Amino acid sequence: MTKPRQTFSCSERMLRACRGEPVDRPPVWLMRQAGRYLPEYRQLREGVPFLDSCRNVEHAVELSLQPLRLVGTEAVILFSDIFVPMLGTGVDLDFQPGPVIAEPIRTEAQVARLRLPDPRESVPFVFDALRALRAELAPQAIPLIGFAGAPFTLAAYLVEGRGDPKNSFPVFRRAMYRNPEFLRALLARLTELTITYLNAQIDAGAQVVQLFDTWSGILGVADYREWVLPVHREIASKLDRRRAPLILYVRDGAHVLDEMIEAGADVLSVDWRVDLGAAARRVGARASLQGNLDPHALVAPRDYLFEAVRALAAAAAPARGHILNLGHGCLPDTPVEGVRSFIEAAKSLGA
Ligand code: 1CP
């Protein structure tokens, strides 16, 4: 990567980093940057059920903007959840605090009953919030990130009924091996929903979109190639990527980096168990990278975080572009000072 002297607005820096064009330094934001680690977030959320916060446009906009104002992130991600688009499908969904499905989806008949309404009609508040955020952020040239859950991760919760503390999703995996036709049908419906949902977010002003595949890394390489890669490829090929580049996040995916590259996304977001230097050499000009500080490391002293950020940026250099971020979401008990140091360290790289 050559370093131009010129400085860029946050929007330019982010979009250029996504597309692998030269920048002065990597942009920085954090997955789950709106969250319980901020006292102002806890205050605003006090007594308000999660879905009410998502549905209330003013509330969702304010929660989305807090990290920009309070810790200086260089991008804003919509405050919402990967399960919000499921609200229009007829699935009975609750957050406790993770998603809980009253009647898990386990038969082809249930898949056939899933409704796929236009998300602009079933969850209009998502697009109202994006439009309001874009209007607020455009004058400051801060980029707006939209997102969706990847079909595999959504299906894991829908079939299992909830998250699994052991991360193994036993009912879901049984379906994979014993009822593959059912699972294929479910993934196909979810893929259709995800494509429509993300393209509608791009229409409403999202300048970058991230696909969260938190659970696909539980698979071995052969199963990942069968169940996950074709879905990622289909989504990557059907999004309006000229208007908004695509970031693909896979948690615990060190063993499927080649498959992540094959998906054809603009940016691969890798977790902290991936050696960023080795990944950067592997992706080279084929994709940009995002990541990958261990979220637990934000408890470290300021000097440690400055050094860690410098090391990540240096390690990522062989990749065509790099966005500084964590390897997974910011944890609720993270010290605010750690988040500020991480962001300041990123900004100091251009100095
Ligand atoms: O009331 C509460 O405390 C609700 C907590 C909460 C919040 C604040 C949930 C329930 N989701 C969210 C917001 C959220 N979720 C965002 C907001 C934007 C941001 O600041 O980044 C995003 C991007 C998500 C995405 C999400 N939700 C993922 C993918 C990313 C990841 O973290 O792996 C997943 C797997 C979920 C499911 C989910 N929703 C909520 C929880 C607590 C969980 C995980 C729980 C589990 O597996 O059991």
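These numbers come from a predicted model, not from an experiment.

### Structural notes on the overall build of the protein
Point 1. The helix and strand inventory of the protein stands at 16 helices and nine strands.
Point 2. For a compact globule of 351 residues, the expected C-alpha radius of gyration is about 20 Å, and the protein comes in at 19 Å, within 12% of that figure.
Point 3. For the C-alpha atoms alone, the extent of the protein along its principal axes is close to 60 × 45 × 35 Å.
Point 4. A total of about 14200 Å² of accessible surface is found on the protein, and carbon and sulfur atoms cover 50% of it.

### With respect to the packing of aromatic side chains
Point 1. Under the definition given, this model contains ten aromatic pairs.
Point 2. A centroid spacing of 5.5 Å and a plane angle of 90° characterise the contact between Phe-147 and Phe-212, whose relative ring orientation is edge-to-face. Note that Phe-147 is positioned in strand β4 (residues 144-149) and Phe-212 in strand β5 (residues 208-213), a separation of 65 residues in sequence.
Point 3. Owing to a relative accessible area of 8%, Phe-147 belongs among the buried residues under this scheme.
Point 4. Taking the relative accessible area as the measure of exposure, Phe-212 reaches 13% and is therefore buried.

### Regarding the site of the ligand
Point 1. Lining the immediate surroundings of the ligand are 23 residues, of which Arg-32, Asp-81, Tyr-157, Thr-214 and His-328 lie closest.
Point 2. Side-chain polar atom of Asp-81 to a nitrogen atom of the ligand: 2.7 Å apart, as the coordinates give it.
Point 3. Between an oxygen atom of the ligand and a side-chain N or O atom of His-328, the distance comes to 2.7 Å.
Point 4. Contact with the protein chains hides 81% of the accessible area of the ligand, taken as 890 Å² for the molecule alone.

### So, the nonpolar core
Point 1. Membership of the largest hydrophobic core comes to 130 residues, with the highest contact counts inside it found for Phe-83, Leu-186, Leu-268 and Phe-342.
Point 2. Looking at which element gives the most residues to this core, the answer is helix α10 (residues 180-203), with eleven residues.
Point 3. Residues contacting Phe-342, with those up to four places away along its chain left out, are Val-28, Trp-29, Leu-30, Leu-293, Leu-298, Val-309, Leu-324, Asn-325 and Leu-326.

### Concerning the environment of Asn-167
Point 1. Locating Asn-167 in the fold gives a position in the loop between α8 (151-160) and α9 (170-178).
Point 2. Residues Asn-167 and Pro-335, 168 residues apart in the sequence, show an inter-C-alpha distance of 26 Å.
Point 3. When residues no more than four places from it in sequence are discounted, the contact partners of Asn-167 are Trp-215, Ile-218 and Arg-251.

### Structural notes on the sheet that holds β4
Point 1. Taken together, seven strands build an open sheet; the order of strands is β1-β4-β5-β6-β7-β8-β9 and the sheet is parallel. Of all strands in the sheet, those bounded by a partner on one side alone are β1 (76-77) and β9 (322-326).
Point 2. By the bridge criterion, five bridges tie β5 to strand β6 (residues 246-250) in an arrangement that is parallel. By the bridge assignment, Asp-213 is partnered in β6 with Val-250.
Point 3. Where helix α7 (residues 124-137) meets the sheet, its contacts fall on β1 and β4, and the angle it forms with β4 comes to roughly 155°.
Point 4. The strands touched by helix α14 (residues 276-283) are β7 (267-270), β8 (288-293) and β9; relative to β8, the strand with the most contacts, the crossing angle is about 175°.

### Structural notes on the packing of helix α15 (residues 302-316) against helix α16 (residues 336-348)
Point 1. Their axes nearest at 9 Å, the elements α15 and α16 cross at an angle of 40°. Compared by their axis directions, α15 and α16 come out oblique. For the crossing formed where α15 meets α16, the hand is right-handed. Counting all contacts with α15, which are made through Arg-302, Leu-305, Phe-306 and Val-309, the residues of α16 involved are Gly-338, Ser-341, Phe-342, Glu-344, Ala-345, Ala-346 and Ser-348.
Point 2. Looking at the contact of α15 with α16 residue by residue, the class counts come to six nonpolar, three polar and two charged.

### Some thoughts on α8
Point 1. Among the ten residues in α8, ten count as buried, and that is most of the element.
Point 2. Those residues of α8 that fall on the buried side of the exposure criterion are Pro-151, Phe-152, Thr-153, Leu-154, Ala-155, Ala-156, Tyr-157, Leu-158, Val-159 and Glu-160.

### Let's talk about the side chain of Asp-164
Point 1. Note that Asp-164 resides in the loop between α8 and α9.
Point 2. Within the buried core, Asp-164 has no salt-bridge partner, and the shortest N-O distance to an opposite charge, that of Lys-166, equals 5.8 Å.
Point 3. From its side chain, Asp-164 meets the backbone nitrogen of Ser-168 in a polar contact 2.7 Å long.
Point 4. Apart from residues no more than four positions distant in its own chain, Asp-164 is found in contact with Phe-169 and Pro-170.

### Describing the pattern of salt bridges
Point 1. Under the defined criterion, the tally for this structure stands at 23 salt bridges.
Point 2. Linking Glu-234 and Lys-238 is a salt bridge whose minimum nitrogen-to-oxygen distance equals 2.9 Å. Of this pair, Glu-234 and Lys-238 both sit in helix α12 (residues 229-238), separated by four residues, roughly a single helical turn.
Point 3. One salt-bridge network, held together by shared partners, links Asp-118, Arg-120, Asp-203, Asp-240, Arg-242 and Arg-243.

About the cut-offs
- Residues numbered from 1 in each chain as written.
- Predicted model: local features only at pLDDT ≥ 70, side-chain atom pairs only at ≥ 80, totals over all residues.
- Heavy atoms only, no water.
- Helix = DSSP H or I, 4+ residues; strand = E, 2+ residues; numbered from the N terminus.
- Rg over C-alpha atoms; globule rule 2.2 N^0.38 Å.
- Areas by Shrake-Rupley, 256 points an atom, 1.4 Å probe, with all protein chains shown as cover.
- Phe/Tyr/Trp six-rings, centres within 6.5 Å; stacked < 30°, edge-to-face > 60°.
- Buried < 20%, exposed > 50% of the residue type's maximum accessible area, 1.4 Å probe, protein only.
- Near = heavy atom within 4 Å.
- Polar contact = N/O pair within 3.5 Å; in protein donor to acceptor, adjacent residues only side chain to side chain.
- Core = buried A, V, L, I, M, F, W, Y, C linked by side-chain atoms within 4.5 Å.
- Contact = heavy atoms within 4.5 Å.
- Pairing = 2+ DSSP bridges.
- Axes fitted to C-alpha atoms, helices over the stretch in contact; angles between N-to-C directions.
- Parallel < 35°, antiparallel > 145°, perpendicular 65-115°, else oblique.
- Left-handed = near helix turned anticlockwise from the far one by under 90°.
- Nonpolar A, V, L, I, M, F, W, Y, C, P; charged D, E, K, R; others polar.
- Lys, Arg positive; Asp, Glu negative; His and termini not counted.
- Salt bridge = Lys/Arg side-chain N within 4 Å of Asp/Glu carboxyl O.

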